[in-house]
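Breakdown of the fold
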Amino acid sequence: MSRIAVVALSVLLLAGCSNTQSAYQGIDYGAVAPVRMNIGQVLVDSAFKSTTMAPNVEHQLVPQPEDALRTALMQHFSPARPGAQGLMTLRFTIKDASVVEQNLGESTDFFARNFNNAGNFRYDGRLEVETTSEGASRRNRGYVQAEAKRTLEVTNATVSDRQRLVQGMVAQMVDDIMKQLDEQITTSAGISPLVISGPDMTIYAEPSGRWDHVNEDRFQRSAGMRVITVK
């Protein structure tokens, strides 16, 4: 085989083994100012239980969507007086954190099919969380609900690439949920008065300007992947 043919074959093999889709990079809520609230604690419960069976694949992701959402909630909402008696509790209940995989069939690309173990796949993700504020008697004072759905189609990608791209889709859904919660909590008659501003030990019963800072355009950043949002 000539040297030119070897070089050409190498280039084709590399082309078949690569996937240029980039995964969405979500917001690191531990690196931005939290929303301080006049509450004693933030609790995150879960009513979601993964089937751990196909077609569901959320249990194969690291971190799992449920854990990613839980971390974001705990980092984003901060009690001004942790453990203080008599203060309200902000409770989040994760109702859904599922990702379903659908195999759309074998790739028609020769090199992807023969050298990359690739195929065409569709992923449908859904996150849902309910939020309540409750007093010492666990009587609910306020309620909001947020839901995010996204669909991702991946073509000619390895298993590791698919997982990376699905993690990006999950990060988008987490950002969707957080944006909805920010917007709804400020308009909830039962929860919005709990949002505070000022120094840690100074409580002001007024909305914090931090909501505007959290809802910057970075929620709208492009993922560089083929994503179809399902309303």
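Overview of the structure. (Residues numbered from 1 in each chain as written. Predicted model: local features only at pLDDT ≥ 70, side-chain atom pairs only at ≥ 80, totals over all residues. Heavy atoms only, no water.)

Glancing now at the packing of helix α2 (residues 65-76) against helix α4 (residues 159-185). Where α2 meets α4, the axes come as close as 10 Å, and the angle between the chain directions of the two elements is 40°. Regarding α2 and α4, the two cross each other, and that crossing is right-handed. Of the residues in α4, those in contact with Pro-65, Ala-68, Leu-69, Ala-72, Leu-73 and His-76 of α2 are Val-170, Val-174, Ile-177, Met-178, Leu-181 and Asp-182. When the residues that make up the contact of α2 with α4 are grouped by side-chain class, the tally is 10 nonpolar, 1 polar and 1 charged. (Axes fitted to C-alpha atoms, helices over the stretch in contact; angles between N-to-C directions. Helix = DSSP H or I, 4+ residues; strand = E, 2+ residues; numbered from the N terminus. Left-handed = near helix turned anticlockwise from the far one by under 90°. Contact = heavy atoms within 4.5 Å. Nonpolar A, V, L, I, M, F, W, Y, C, P; charged D, E, K, R; others polar.)

Moving on: the nonpolar core. Ranked by internal contacts, the top residues of the largest apolar core, which has 44 residues, are Met-37, Leu-69, Leu-73, Phe-77, Phe-92, Tyr-123 and Leu-181. Of all the elements in the fold, those that place two or more residues in this core are β1 (35-37), β2 (39-46), α2, β4 (88-106), β5 (119-134), β6 (140-157) and α4. If we skip the residues at most four places from it in the chain, Tyr-123 touches Val-57, Val-99, Val-100, Glu-101, Arg-150, Thr-151, Leu-152, Val-154, Arg-162, Val-166 and Met-169. (Core = buried A, V, L, I, M, F, W, Y, C linked by side-chain atoms within 4.5 Å. Buried < 20%, exposed > 50% of the residue type's maximum accessible area, 1.4 Å probe, protein only.)

A cis geometry characterises the amide bond from Ala-54 onward to Pro-55, with omega recorded as 10°. Tracing the chain through its elements places Pro-55 in the loop between β2 and α2. A cis amide bond links Val-62 to the next residue, Pro-63, at an omega of -5°. The backbone phi angle of Thr-52 is positive, close to 55°, even though this residue is not glycine. One can find Thr-52 in the loop between β2 and α2. One non-glycine residue, Asn-156, adopts positive backbone phi at about 55°. Among the structural elements, Asn-156 can be located in strand β6.

Here we come to the environment of Val-42. Within the fold, Val-42 resides in strand β2. Val-42 sits in the buried class, given a relative accessible area of 9%. For the pair formed by Val-42 and Phe-92, sequence separation is 50 residues and the distance between their alpha carbons is 7.8 Å. Ignoring anything within four residues of it in the chain, the contact list for Val-42 reads Met-74, Phe-77, Pro-79, Leu-90 and Phe-92.

Let's shift gears to the side chain of Arg-91. You can see Arg-91 is positioned in strand β4. According to the relative accessible area criterion, Arg-91 is buried, its value standing at 13%.

Now for the packing of aromatic side chains. Each aromatic ring pair is described using two quantities: the centre-to-centre distance and the angle formed by the ring planes. Scanning the entire structure with this criterion turns up 2 aromatic pairs. Note on Phe-77 and Phe-92: the rings are 5.2 Å apart at their centroids and 35° apart in plane angle, and the pair reads as tilted. Placement of the pair is Phe-77 in strand β3 (residues 77-79) and Phe-92 in strand β4, with a sequence separation of 15 residues. Comparing Phe-77 with Phe-92, the two get one shared label, buried. (Phe/Tyr/Trp six-rings, centres within 6.5 Å; stacked < 30°, edge-to-face > 60°.)

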